[in-house]
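Architecture at a glance
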Protein chains: 2
Amino acid sequence: MYILGIDGGGTKTICAAARADGEILGRGMAGPANYLKEGLYTAKMSLTEAVEKALDAGKADREAVVVVCAGLAGVGRLNDRLIMKRIFAEICPNAQLILDTDAFITLIGATEYQPGLVVISGTGSIAMGLNDKGETARAGGWGHILGDEGSGYDIARRGLMAALHAHDGRGPETVIRQKVMEQFYLTSVEELISLLYGADTTPRRIAGIYPIILEAAEEGDEVAGQLLENAATSLVQAALAVIRKLKMEDKIFPVAVSGGVFRNSVKMCSTFQRILTGKIAGAHLIEPRHPPEVGALLVAREALAKAG
Amino acid sequence: MYILGIDGGGTKTICAAARADGEILGRGMAGPANYLKEGLYTAKMSLTEAVEKALDAGKADREAVVVVCAGLAGVGRLNDRLIMKRIFAEICPNAQLILDTDAFITLIGATEYQPGLVVISGTGSIAMGLNDKGETARAGGWGHILGDEGSGYDIARRGLMAALHAHDGRGPETVIRQKVMEQFYLTSVEELISLLYGADTTPRRIAGIYPIILEAAEEGDEVAGQLLENAATSLVQAALAVIRKLKMEDKIFPVAVSGGVFRNSVKMCSTFQRILTGKIAGAHLIEPRHPPEVGALLVAREALAKAG
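Read on for a plain summary of the structure. Everything numeric here is computed off the predicted structure, so don't read it as measured data. The written sequence of each chain sets the order in which its residues are numbered from 1. Whichever chain is written first becomes A and whichever ligand is written first becomes 1, with later ones labelled in order. Where totals are concerned, whole chains, interfaces and linings use all residues; where local detail is concerned, this predicted model gives features only for residues with pLDDT of at least 70, and gives and counts side-chain atom pairs only at 80 or more. Side-chain metrics in this entry use all non-hydrogen atoms of the structure; hydrogen atoms and water are not considered.

**Digging into a positive patch on the surface**
Residue and element names in this part refer to chain A. Only residues whose relative accessible area exceeds 30% and that take part in no salt bridge are eligible for patches, with like-charged residues grouped when within 9 Å of each other and nonpolar side chains (Val, Leu, Ile, Met, Phe, Trp, Tyr) grouped when within 5 Å. Computed with a 1.4 Å probe, the accessible areas rest on the Shrake-Rupley method; for each residue, only the protein chains presented here act as cover. Take a side-chain nitrogen of Lys or Arg and a carboxyl oxygen of Asp or Glu: if they are within 4 Å of each other, that pair is a salt bridge. By the counting scheme adopted, Arg and Lys are positive, Glu and Asp are negative, and His together with the chain ends is not counted. Charged groups are reduced to one reference atom each: NZ for lysine, CZ for arginine, CG for aspartic acid, CD for glutamic acid. On the surface, Lys12, Lys37, Arg204 and Arg263 cluster together into a positively charged patch. Labels follow the DSSP assignment, with helices taken as runs of H or I lasting at least four residues and strands as runs of E lasting at least two, numbered in each case from the N terminus. As for its position among the elements, Arg204 is in helix H9 (residues 203-207). Residue classification places Arg204 among the partly exposed residues on the basis of a relative accessible area of 44%. Buried residues are those whose accessible area, probed at 1.4 Å on protein chains only, stays under 20% of the maximum for their type, while exposed residues exceed 50% and partly exposed ones sit between those limits.

Right, here's the structure in full:
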C-alpha cells in the first residue's frame, strides 16, 4: 500500500510517494499540470510522469497506490474536478483521490496540521489558515487581473508604473527606470511598452522583473523601498482577514511564508514580520516545515487513517 | 483641393472631409483602424471606407485630397508609421500625410490650438497639453497593464477587487459586489473569476463594468465613492505633470475632459474639477470645442497653410 502527494503547479509538478506509515520512498518531477492553461494532454503527461518517477524510486507500481492527494491550481469548478478525477482514474486506478488547492497542501505542509497560516507570494499571492477547530479560510489568490496583491507580479507591475511615472513627470525619480532599461537593452520607454504588451507577455514574465525592484530597494532607492513596504502591508492585510475569519486574533500560532518573493529577500520577510506582529502579537514567522507535496502526503495519510 | 481629418481608434474610425478653407463637406464612419490589434487588412479597409464615405458626402474624389492628418492609436514606432504611410499612399495618392496620436488630435480639437490641456479617460487614460510656445507634453497612456490610471478599465478593475476584498474579508462591504453578481447572473465569486479570466476578456470588456461603480457611487456606496475620488486624483496627477512640464502653473487656461468616464458622470467631472482647481487656480474645465476628427482637420489646415 502506497500513498501519493502531488503538488501540480503552473511550471512544474512534484509527486512524493510514501508507504502507508508516511515514510517517503521517492520523489518525481515533471512539467506543468495546470490543464486550463496547458491543455488536458500536457497535464495528464506531467502528472503521469511525476507519479511514475516517484514510484520508480521505491520500485512500487501504480496499482498498489491507495490514496492520492493532489493540490492543483485551476480546479475550482466542479467540471474541472470531474475531468481531473477521470485522469487520475487512469493513472492510479485503485486509489481514492483527494483534490484540493495548491494553497491548502502548502498550508498543511507548512504547519503539519497545527493551527496556523501560510502566506504565499510568488507570481501570485494568497493567504490560507487553519484553526484549532479544523476550520480553514483564505484571502486573496484571485489572479493577476483582480488580485494577487503583494505578489511578484504586483510588485513588478507597480515598479514599472513607478518607472513610467518618473519618465512622464508624475512621480519621483527612481533607479528602477534605468535598471529596467539596462536589463532589456532598451533605448526608449516606447520600446519597453512594445515589449511588455507583446503577445508572449505573461504575468510570470512581468513578475520576473521583481528582482530588479528588490535590488533597487536594497541599494536604498526610496520608491522601490516603498513598493516592498506596500506589498508587505497587502500580504499582512490578507493574513489579517484569514486570522479574523478563524477567530485567532488572541492565539499564539505560526505564520509560514512561502514563494519567490519571500525566498529571495530577508528584507521582505522582516518587513512582513514587523507589520504583522505589530497587529497580531501572537503570530510568529516560520519557514514551512515541509514542502507542498509533503503537505499533500500528510492529507493522504489522514484520509487513509480515517478510512482504515 | 480637399483636406481630411481622421480619428482612428480601437472601435471605430471617423473621417471628416473639408475644403482647403476648413469648411466641412461630410463625415464618414467605419470599423476599427488599430492595425496592431486588428491586422493590416482590417485597418486598411476601415480607413478606406471612412475616407470614401466622407468624400462621397461632398462628391469629392480621393485624387483631389492634398493633406491628410490621421490621429491613430498604436503607431508609436517608426516601423508602424512606415506601414501606415504605405497604406495612405494607396488611399490618397496625392496627399501629404501627417500621422500623430489620437491624444494629439483630441487636444487640438478640444482647444483649437490654444494653450490648454485635454484629459482623456475612456477604456484607457492620458493627459496631453500645449503651451503658448507651441510645445506639447503628455503623461499617462501606457496601457492597461502599466498605466491608464483613472480610466474606466482602472476604475472597474479596482471596483472588482473591492468586491473580492469584501468577499474574502480584506475590506469593507460594498454594493458593487451584489451589483456585479446580478449583472452577470452569477451565483458564486468563483464564477466571476472564471468569467473574467476567459480568453475573450479584453480591457474594454472589464471597463464595461465602470457604469456599475458609477451607479453604486451615486447611490452613496462609500467604497465606490472613494474609487471615483481616487480615479479623479490620478487624472489630476497626470494633468499636473503636463502642466509642470509646460511651465503653465501660473497661467489661466482651459482643461477639456473627454471620454466615457467623464461623459457619463457629472459627479466625475465635478470631482476632477474640485481637485484640479485646488492645485492650479488658473485651470478651468471645458467641454472639448470640437471632436478629435475636427482636431485632425485643424492640423491638416495648418500644414496646408504652411505649405502654401
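**Description of the relation of the copies chain A and chain B**
Superposing copies: least-squares fit, C-alpha atoms only, residues required to have pLDDT of at least 70 in both. After a rotation of 180 degrees and a shift along the axis of 0.0 Å, chain A superposes on chain B with an RMSD of 0.0 Å. Such a combination of rotation and displacement between the chain copies is what one expects of a two-fold axis. Judged by C-alpha distance, Ile145 of chain A is the residue of chain A that lies nearest the rotation axis, at 4.4 Å. Counting the interface residues of chain A, we find that 100% of their copies in chain B are interface residues as well, pointing to one common contact surface. Any two residues having at least one pair of non-hydrogen atoms within 4.5 Å are treated as being in contact.

**Some remarks on the interface of chain A and chain B**
Between chain A and chain B, the contact holds 33 residues from the first and 33 residues from the second. Note: buried area is the sum, over both parts, of the accessible area (probe 1.4 Å) each one loses when the two are combined. Carbon and sulfur atoms make up 58% of the area that chain A and chain B hide from each other, which totals about 3,200 Å². Summed over the three residues of chain A that lose the most area to chain B, namely Trp142, Leu146 and Arg170 of chain A, the buried surface amounts to 28% of that side. Across the chain A-chain B interface, the total number found is two salt bridges. With a shortest N-O distance of 2.9 Å, Glu149 of chain B and Arg170 of chain A are connected by a salt bridge. Polar contact is the term for a pair of N or O atoms within 3.5 Å; when the atoms are in protein, one must be able to donate a hydrogen and the other to accept it, and sequence-neighboring residues count only if both atoms are side-chain atoms. Inspection of the chain A/chain B interface yields 26 residue pairs in polar contact (both at pLDDT 80 or more). Taken together, the elements giving at least two residues each to the side of chain A that touches chain B come down to strand S8 (136-140), helix H5 (143-146), helix H6 (152-168), helix H8 (189-196) and helix H11 (222-245) of chain A.

**Comments concerning the sheet that holds strand S9 (residues 253-258) of chain B**
All names here are of chain B. The five strands lie next to each other as S8-S7-S6-S9-S10, forming an open sheet whose pairing is mixed. Single-partner strands in this sheet number two, and they are strand S8 (136-140) and strand S10 (283-286). On average, each strand axis in the sheet is tilted by 20 degrees relative to the strand beside it, whichever way the strands run. Where strand S6 (residues 116-121) meets strand S7 (residues 125-130), six bridges bridge the pair, whose relative direction is antiparallel. Residue pairing across strands places Leu117 opposite Gly129, the latter belonging to S7. Working convention: axes come from line fits to C-alpha atoms, limited for helices to the stretch in contact. Angles between N-to-C directions cover 0 to 180 degrees. The sheet strands contacting helix H4 (residues 102-111) are S6, S7, S8, S9 and S10, and the helix crosses S6 at an angle near 125 degrees. Following DSSP output, two strands are said to pair if at least two bridges run between them.

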